[in-house]
Amino acid sequence: MRIRSMVVTGFMGLMVVLSGTTGSRAFGLDNGVARTPPMGWNSWNKFACKGINEKVVRETADQMASNGMKDAGYEFVVIDDCWQTGRDAQGNIVADVERFPSGIKALADYVHSKGLKFGIYTDAGTMTCAKRPGSIGHEYQDAQQYANWGVDYLKEDWCNTLPGQSSESSYTLMREALKATGRPIVFSICEWGSTKPWLWAGSIGNMWRSTGDIQDCWDCKKAWGGNGVVQILDQLNGIESYAGPGHWNDPDMLEVGNGGMNKEENRAHFSMWALLSAPLLAGNDLANMSADTREILLNKEVIAVDQDVMGLQGRRVKKMGDLEVWSKQLADGGRAVALLNRSDKAATISADWTDIGYPTTVSAAVRDLWAKKDVGRKSGSYSAEVPSHGVVMVTVKP
Ligand code: GLA
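Residues numbered from 1 in each chain as written. Predicted model: local features only at pLDDT ≥ 70, side-chain atom pairs only at ≥ 80, totals over all residues. Heavy atoms only, no water.

(A) Spatial organisation of the overall build of the protein chain. A tally of helices and strands in the protein chain yields twelve helices and 18 strands. Considering only C-alpha atoms, the protein chain reaches an extent of 70 × 50 × 40 Å along its principal axes. Here the protein chain, with 398 residues, has 57% of them falling under the buried criterion. Counting contacts in the protein chain only where the partners sit at least 6 residues apart, residues at least 24 apart contribute 69% of the total. About 15100 Å² of surface is accessible on the protein chain, with carbon and sulfur atoms providing 53% of the total. Charged side chains of the protein chain number 42 positive and 46 negative; the gap between the two group centres comes to 3 Å. (Helix = DSSP H or I, 4+ residues; strand = E, 2+ residues; numbered from the N terminus. Buried < 20%, exposed > 50% of the residue type's maximum accessible area, 1.4 Å probe, protein only. Contact = heavy atoms within 4.5 Å. Areas by Shrake-Rupley, 256 points an atom, 1.4 Å probe, with all protein chains shown as cover. Lys, Arg positive; Asp, Glu negative; His and termini not counted. Charge placed at Lys NZ, Arg CZ, Asp CG, Glu CD.)

(B) Examining the site of the ligand more closely. Lining the immediate environment of the ligand, one finds Trp44, Asp80, Asp81, Tyr121, Cys129, Lys155, Asp157, Cys190, Trp192, Arg209, Asp213 and Met253. Asp80 places a side-chain nitrogen or oxygen 2.6 Å from an oxygen atom of the ligand. Surface burial for the ligand is 93%, taken as the share of its 310 Å² of free accessible area covered by protein chains. Its residues assigned to classes, the shell around the ligand shows six nonpolar, no polar and six charged. (Near = heavy atom within 4 Å. Polar contact = N/O pair within 3.5 Å; in protein donor to acceptor, adjacent residues only side chain to side chain. Nonpolar A, V, L, I, M, F, W, Y, C, P; charged D, E, K, R; others polar.)

(C) Focus on the domain arrangement of the protein chain. In terms of domain boundaries, the protein chain breaks down into domain 1 (24–306) and domain 2 (315–397). Domain 1 puts 25 residues into the contact, and the matching count from domain 2 is 24 residues. Both sides together, the interface formed by domain 1 and domain 2 hides about 2200 Å², and carbon and sulfur atoms give 61% of it. By the criterion of area lost to domain 2, the three top residues of domain 1 are Leu275, Glu301 and Val305, representing 27% of everything that side buries. On inspection of domain 1 and its partner domain 2, the count reaches three salt bridges. The residue Arg316 makes a salt bridge to Asp234 at a minimum N-O spacing of 3.0 Å. Connecting domain 1 to domain 2 are ten residue pairs in polar contact (both at pLDDT 80 or more). Elements represented by at least two residues in the side of domain 1 that touches domain 2 include exactly α9 (229–236), α10 (263–275), α11 (291–297) and α12 (300–306). The dominant element in the side of domain 1 that touches domain 2, judged by the number of residues it contributes, is α10, at nine residues. Of the residues belonging to the side of domain 1 that touches domain 2, the class tally is twelve nonpolar, four polar and nine charged. (Domains from an automatic or database assignment. Buried area = accessible area lost by both parts, 1.4 Å probe. Salt bridge = Lys/Arg side-chain N within 4 Å of Asp/Glu carboxyl O.)

(D) Inspection of the pairing of strand β7 (residues 186–189) at higher detail. Every second residue of β7 is oriented toward a common face, with Val186 and Ser188 on one face and Phe187 and Ile189 on the other, all of them buried. The pairing of strand β6 (residues 153–157) with β7 spans four bridges and is parallel. Along β7, the bridge assignment pairs Leu154 with Phe187. In terms of handedness, the path from β6 via helix α7 (residues 167–181) over to β7 forms a crossover that is right-handed. (Pairing = 2+ DSSP bridges. Right-handed = clockwise from strand over helix to strand, strands pointing away.)

(E) Examining helix α6 (residues 139–149) more closely. Burial in α6 covers these residues: Glu139, Asp142, Ala143, Gln145, Tyr146, Ala147 and Trp149. Elements in contact with the buried residues of α6: β3 (84–87), β4 (93–95), α5 (104–113), β5 (117–123), β6 and α7. Taken from the residues just after α6, Gly150 is the one with a positive phi, measuring 95°.

(F) Representation of the nonpolar core within the structure. Core analysis: the biggest nonpolar cluster contains 84 residues, and Tyr74, Trp83, Phe118, Ile120, Phe270, Trp273 and Leu297 have the highest contact counts within it. Considering each element in turn, this core owes the most residues, six residues, to α10. Mapping this core onto the domain boundaries places at least three of its residues in each of domain 1 (24–306) and domain 2 (315–397). Among the nonpolar cores identified, the runner-up in size contains 18 residues, and Val337, Ala351, Val366 and Val394 belong to it. (Core = buried A, V, L, I, M, F, W, Y, C linked by side-chain atoms within 4.5 Å.)

(G) Structural detail: the packing of aromatic side chains. Going through the model one piece at a time under the given rule, you end up with seven aromatic pairs. Centroid distance Phe76 to Tyr153: 5.3 Å. Interplanar angle 50°. Geometry classified as tilted. Placement of Phe76 in strand β2 (residues 76–78) and of Tyr153 in strand β6 is noted, with a sequence separation of 77 residues between them. There is no split in this pair, since Phe76 and Tyr153 are both buried. A centroid spacing of 6.3 Å and a plane angle of 25° characterise the contact between Tyr171 and Trp200, whose relative ring orientation is stacked. (Phe/Tyr/Trp six-rings, centres within 6.5 Å; stacked < 30°, edge-to-face > 60°.)

(H) Region of interest: the sheet that holds β5. One open sheet holds the eight strands; their spatial order is β9-β8-β7-β6-β5-β2-β1-β10, and the pairing between them is parallel. Strand pairing shows two members of the sheet lacking a second neighbour, β9 (248–250) and β10 (280–282), which therefore form its edges. The average undirected angle you get between the axes of adjacent strands in this sheet is 25°. Strand direction decides the pairing type here: β2 and β5, joined by three bridges, are parallel. Residue pairing for β5: Phe76 is matched across the bridge by Lys117. (Axes fitted to C-alpha atoms, helices over the stretch in contact; angles between N-to-C directions.)

As structure tokens, then:
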């Protein structure tokens, strides 16, 4: 069974490689879920290991169901690392009874009772990144346990793997284990882009981290060499052809509202994730959100760009130093366009129609998605003043 699936995957992988820049669109994982980028919340960016427990998860579900997020499309409540402590005599994974005294099944039931879906985390190696038990050697047993609990989403990390362990084979094994449960489960691959998962994961996972962990800063290279928003954008640009319905590049969870970025930066972060057709997993404390954070996470017009049914990831179409134009083709033939100012001063940025694939003569309706205003019909180009570390995001519809 395992050998057969690996042979099939190897063939698919070869086909993907041979298909070159057309990427893996034709080979997307067909498990019926994540036809648009998954939306929800994940515990890690705010609560990390120390702060996670069942109270936080229940409160998050309460908030998501009542603060407008559920209506806006947020669906999954995902517990990241540190919910598990060991295995019992039969090898079954055991949850931390101090942090999750009611058990994982009860928590999943609670999340479901709010009309939401429930997600959990494991690791392809011997231990998770926070040194909790990993799934290696227990893939089928763990997958069945998750399904019994009512898990709808699984993130599988890549810490503490064995020397020479193949990422493609390991994630294929978990895909098969999840499939064997018969439960539709979104499969989120998290090997940080280290073995270029966009080249092989299209038929294995519903999403794959394309970069290392996001940090809560706009330009982390300036600060200390980490992965801020702009560093991640540079890594996502160029791999857009590998994303599509059922299989998405994942630039990591949102840092909106976690305090490291100002309002413009948070808006730009959210806008650019939507333009990249990224999974939108809020990573902040939903029970204590500022009005600005709420306004950003709930901007339905920006979310609609992310969730466009065509599922084409946007890309950078023009770069003039720190001033950039990004464009995403939408199902109705329109474009979502982000004028992105990475510089330290406000600047005027112009998107020419030829940058976004239209003849200059075309007249198109332009709508500003943050001002929430139609700005009229334009021909040839659209220009706007863009704040430092900010975006102006518009749709352009001929
Ligand atoms: C890795 C992942 C993060 C998070 C932590 C948990 O760093 O990339 O997203 O899951 O592990 O320990």
